[in-house]
Amino acid sequence: MDYSEAFTYVDKNDSIEINDKGVNNYMDIYDYMYWGDYNAQIQALAEKALPEKWSFEDKEDNSILKNYLKYTFNKLQDEGKVIETDTYCVFNTGLFSHYYVPIYVYGELNKNTAENAARWYFKGFKDEYELGNMDIESDFPERADYFSNPDRLVFNWHYKINVNYKHILDDLNTSQRLPDSIKNSDTPLETLSGVITKAIQKVTANYKLAVPHYYQNKIQLLIPLYFGKNKNPSIALVLNLMKNGYYQATTCLSMEMAYMDARLIAKPESNWLIAENIIETE
């Protein structure tokens, strides 16, 4: 699976904020900074940060961490939290070292633009003490903020849920995420409706089953959908909170996509959204 699409997939129900030039309103992290051996740098970050599963299955490609850093940087740009001076730039990864201090990306002005057009040259993942040793000012940038509206982080069982069955079953991209029990069923709507009804009953009984994730500049909730006797969920249903007090179940995500998006906010602590339990799809 191409994990670059896990967060950026757009269906007909979604919209993206664009600027007057008609492009995404942020600079990609790969264009912003010259990283050299990017895989090696990401591995260094994985080792510096608190221990966490950053790859699916038995792979060691750090695909989760790469996705996390890429879209965290986009959020920091939206919030104006990337610090730039005439000589260096700094931004907060949102991760913490083994000593529970924040980790920052530090870059210096790229003077060799003939080699690479990026304005900044990566110079390491630094903590506050290391930046202080370099005479970097102590007012370090904050991490990305996903908590401006706490109501979106917790499921409210009082709210009605409207399900977009047409999109889930008929949209080509979304329907491919459904398990074979739905794809091969003579009554896919009835089967899917029963699974979703049971999932809603479970999250109503235990609101902690709903995991927040960040997508298209907004917080949404994910709830697990179990098919048959499977102990692990096959897909996650997306709940979008509307201003008038109800949820729109807009689409469903593969488990890889769900984890990628949820990890942007925090490491999921739910007993169903666990990186170790997720099997990659093609």
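Before reading further, recall that the structure is shown in the block above.
A brief report on the enclosed structure follows. (Residues numbered from 1 in each chain as written. Predicted model: local features only at pLDDT ≥ 70, side-chain atom pairs only at ≥ 80, totals over all residues. Heavy atoms only, no water.)

With respect to the overall build of the protein chain
For the protein chain, the helix and strand inventory stands at ten helices and ten strands. Within the protein chain, buried positions represent 46% of all 282 residues. Approximately 15,000 Å² of the protein chain is accessible, and the part contributed by carbon and sulfur atoms is 48%. (Helix = DSSP H or I, 4+ residues; strand = E, 2+ residues; numbered from the N terminus. Buried < 20%, exposed > 50% of the residue type's maximum accessible area, 1.4 Å probe, protein only. Areas by Shrake-Rupley, 256 points an atom, 1.4 Å probe, with all protein chains shown as cover.)

A look at the packing of helix α4 (residues 63–78) against helix α10 (residues 255–263)
It is the contact of α4 with α10, at a shortest axis distance of 9 Å, that shows an interaxial angle of 45 degrees. One finds that α4 runs oblique with respect to α10. Every pair of crossing elements has a handedness; the one defined by α4 and α10 is right-handed. Side by side, α4 and α10 meet where S63, I64, N67 and Y68 of the first sit next to Y259, M260 and R263 of the second. In terms of residue class, the contact of α4 with α10 is made up of four nonpolar, two polar and one charged. (Axes fitted to C-alpha atoms, helices over the stretch in contact; angles between N-to-C directions. Parallel < 35°, antiparallel > 145°, perpendicular 65-115°, else oblique. Left-handed = near helix turned anticlockwise from the far one by under 90°. Contact = heavy atoms within 4.5 Å. Nonpolar A, V, L, I, M, F, W, Y, C, P; charged D, E, K, R; others polar.)

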